[in-house]
Amino acid sequence: MIKKLLLIVIAAAAIGAFFHFNLHQLLTLDGLKGSMDQFDQYKAESPLLVIGGFFLLYVVVTALSLPGAAILTLAAGALFGLVEGLLVASFASTVGATLAFLVSRYLLRDTIKQRFPERLDAIDAGVEKEGGFYLFTLRLVPVFPFFLINLLMGVTAIKSWTFYWVSQVGMLAGTFVFVNAGTQLAQIESLSGILSLDLILSFALLGVFPFIAKGILNVFKKRRVYKNYTKPKKFDRNMIVIGAGAGGLVTSYIAAAVKAKVTLIEAGEMGGDCLNYGCVPSKAVIKSAKIAEQIRNGEHYGLENTTPQFSFKKVMARVHKVIADVAPHDSVERYTNLGVDVVKGYGKLLDPWTVEIKLNDGGTQTLTARTIVIATGAHPFVPPLPGIEETGYVTSDTLWTKFAELEEAPKKLVVLGGGPIGCELAQSFARLGSSVTQIEMSERIMIKEDLEVSTFAHEALTESGVNILTSHQALRCEERDGKKFIMVKHNDTEIDIEYDELLCAVGRSARLKGYGLEELGIETNRTVVTNEYLETLYPNIFAAGDIVGPYQFTHVAAHQGWYAAVNGLFGNLKKFKVDYRVIPWTTFIDPEVARVGLNEQDAIDKGIDYEITRFEFEELDRAITDSATKGFIKVITPKGKDKILGVTVVSEHAGDLIAEFVLAMKHGLGLNKILGTIHSYPTWAEGNKYAAGEWKRAHAPEKVLNMLEKYHTWRRG
């Protein structure tokens, strides 16, 4: 901080001296003309000293963003001629601009990043990809003040070397014009005479040229990508979608809605993992487990504690009934009625426009489409532990079928993994009668949440009967004397844990094999590599959903499905970058954990000057009536501002409560707007309003309130 203040003082002193000693008068057209004879004399006597002094003066003026750079460029031409003057002015202006850029970065970037972290992150992401290109176009057009460009680029993350050489090249044309004009100094009456309207328009056209060149380059890139393939003259479909999970369903639905001819290919069940193996069945079993827990703790509601009587087989039968009840929403019949051609089979890319379908009934069909969307989802990852295949295991995909055959819950269940899926299922089956041991290699469960939330989740699962073993590494599985064991290591000690069933919930891997991606050279690095428009290596082949990432959520897959459909069908007219700015997610343990935006750990990692506003649900009337007062709302805002950077809600119905904050963040609404919104009483949603009220109370205008107190005292006489 002291170094920054010292630098500011030095710069301010230099600028003050510049104006105090009227040096700015020398850097005017009249001042330059009046001094030329004297400068010529100095040059004749000490040419190297004049060149060095001129270079240094130019660097200082540019570095301090002082007025006069244009005059100095004229002077370079007048003093040294076209070639020598161009070299001196070009290098001096670039060195000075780079110094101004570095000073701006040193003094301003950290402060701006703390105040506007999300905006600067977005700018940095764009600069990382095409910062040099846009800087070059700005340098070509002298309409934009170069000193302002220096300062603004210093706030971004563009590399210093990139800034230097792009500025050197980009400013060359403008420098040439002024240096050349300086060789005819006596004939110049004003600076406006140098930059005539025609010349400005010429520079503007020059600035447009890189965009034209970029467009032409993209055309050549596309031709190079497609050079080994022959594009069909006609297509059977406008779009083919492979995979009928959330991403594929939304993509095909939108395509049909805008009257495109679209085929949706799915070999398995419609609805994908979410309907058949994930969100729907897990929430169904969570509900049954929660009811069982409430019966077990009836005294919380003025009732008697009772051991719940239930058939585990009936619980699992209900899970499958729920799947069946939801299934019509994603069925072949519904999407056929919406205008989608649904084909049951395995789709494989033969070339960028052709898909071969191995039909479930044994036949084969080949279709062509102008656009293809890959939305094949993900599957549970099974760690390659020695012995795991021999001893057997279930995943979130297979447990619903296997457990449906059981008369009672597994007596000893080991859950491998402490993420959201592992936590949800561990708590549920513990409440349904299993003795559950949860193994997590990290130091805490739900590692993506901040420490307070992770600790809260740990306590909630423990109260439900889950034995949580963090910092335990799974080593191998064995079967001895008819019993199954998993060996784990903790503090260099091996521990044997017996189990009847082992549930692997350590994450999900994108389904990448068998769709022709490798044969076409489409890059995969754990997921399909796409650009910001969801385009793969081939601009007509898109990907959406878990196969892309970066979030493996059903609602994100649906979100990407919209972009894949619109960009795939109308990208020749207008393309849209996928917006990941406001992504909510919920872990459906009890109480639920919902989050959007930054949590406290994120804010710390990003170096944001933040503050926390909390509201405890023990203060909410509806939570008290429901005997569910555990939990809180935690809002992250910039210091002194009501802008919402992130929210974590821990409570019953947290997944529903977070929606209001998602809407507010999406549309730039602050906590004051939430506070000013009427919420029904008594509802859980009032917690959002009270959280906003806590922020308002902490930022009450004390001076105004003191004045009002005096005013009311005066009014009382």
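Scroll up for the structure.
None of the values given here were measured: they were computed from a predicted structure.

K.L.:
It is not clear to me how the nonpolar core should be interpreted in this structure. Could you clarify?
P.N.:
A general feature of soluble globular proteins is that nonpolar side chains tend to end up buried together. Ranked by internal contacts, the top residues of the largest apolar core, which has 47 residues, are Leu349 and Ile374. The leading source of residues in this core is strand β5 (residues 364–374), at five residues. Apart from the residues within four sequence positions on either side, Ile374 is in contact with Ile242, Leu349, Leu517, Ile541, Phe542, Ala543, Ala544 and Ile547.

K.L.:
What should I look at first to understand the pattern of salt bridges in this one?
P.N.:
Two side chains carrying opposite charge are able to pair once their charged atoms lie near each other. Using the criterion set out here, one finds 35 salt bridges in the structure. Across the salt bridge formed by Arg508 and Asp273, the nearest N and O atoms sit 2.7 Å from each other. Here the residue Arg508 occupies a position in strand β15 (residues 508–510), and Asp273 occupies one in helix α14 (residues 272–276), the gap between them amounting to 235 residues. On the accessibility criterion, Asp273 (15% relative accessible area) is buried. For Lys513, the salt bridge identified is with Glu518, shortest N-O distance 3.7 Å.

K.L.:
Is there a simple way to explain the side chain of Ser428 in this structure?
P.N.:
Following the sequence through the fold, Ser428 ends up in helix α20 (residues 420–431). Among the polar contacts listed, one links the side chain of Ser428 to the backbone oxygen of Glu424, at a separation of 2.9 Å.

K.L.:
Even after reading the chapter, I still don't get the environment of Phe101, so can you show me in this structure?
P.N.:
Secondary-structure assignment places Phe101 in helix α6 (residues 82–115). Those residues in contact with Phe101 that sit more than four places away from it in its chain are Asn150, Met153, Gly154, Ile158, Ser160 and Phe163.

K.L.:
Would you mind showing me how to read unusual backbone geometry here?
P.N.:
Excluding glycine, most residues fall at negative phi; most peptide bonds, likewise, are trans. Looking along the chain, the bond that leaves Gly549 and enters Pro550 is cis, with omega of 0°. By the secondary structure assignment, Pro550 is in the loop between β16 (541–543) and α23 (554–570). In the segment running from Tyr681 into Pro682, the intervening peptide bond is cis, with an omega of -10°. Looking at the secondary structure, you find Pro682 in the loop between α27 (671–675) and α28 (686–698). Even without being a glycine, Asn491 presents a positive backbone phi close to 55°. As for its position among the elements, Asn491 is in the loop between β12 (483–490) and β13 (493–499). Even without being glycine, Arg526 reaches a positive phi, approximately 75°. Within the element layout of this structure, Arg526 appears in the loop between α22 (517–520) and β16.

Thresholds, definitions, all that
Residues numbered from 1 in each chain as written. Predicted model: local features only at pLDDT ≥ 70, side-chain atom pairs only at ≥ 80, totals over all residues. Heavy atoms only, no water. Core = buried A, V, L, I, M, F, W, Y, C linked by side-chain atoms within 4.5 Å. Buried < 20%, exposed > 50% of the residue type's maximum accessible area, 1.4 Å probe, protein only. Helix = DSSP H or I, 4+ residues; strand = E, 2+ residues; numbered from the N terminus. Contact = heavy atoms within 4.5 Å. Salt bridge = Lys/Arg side-chain N within 4 Å of Asp/Glu carboxyl O. Polar contact = N/O pair within 3.5 Å; in protein donor to acceptor, adjacent residues only side chain to side chain.

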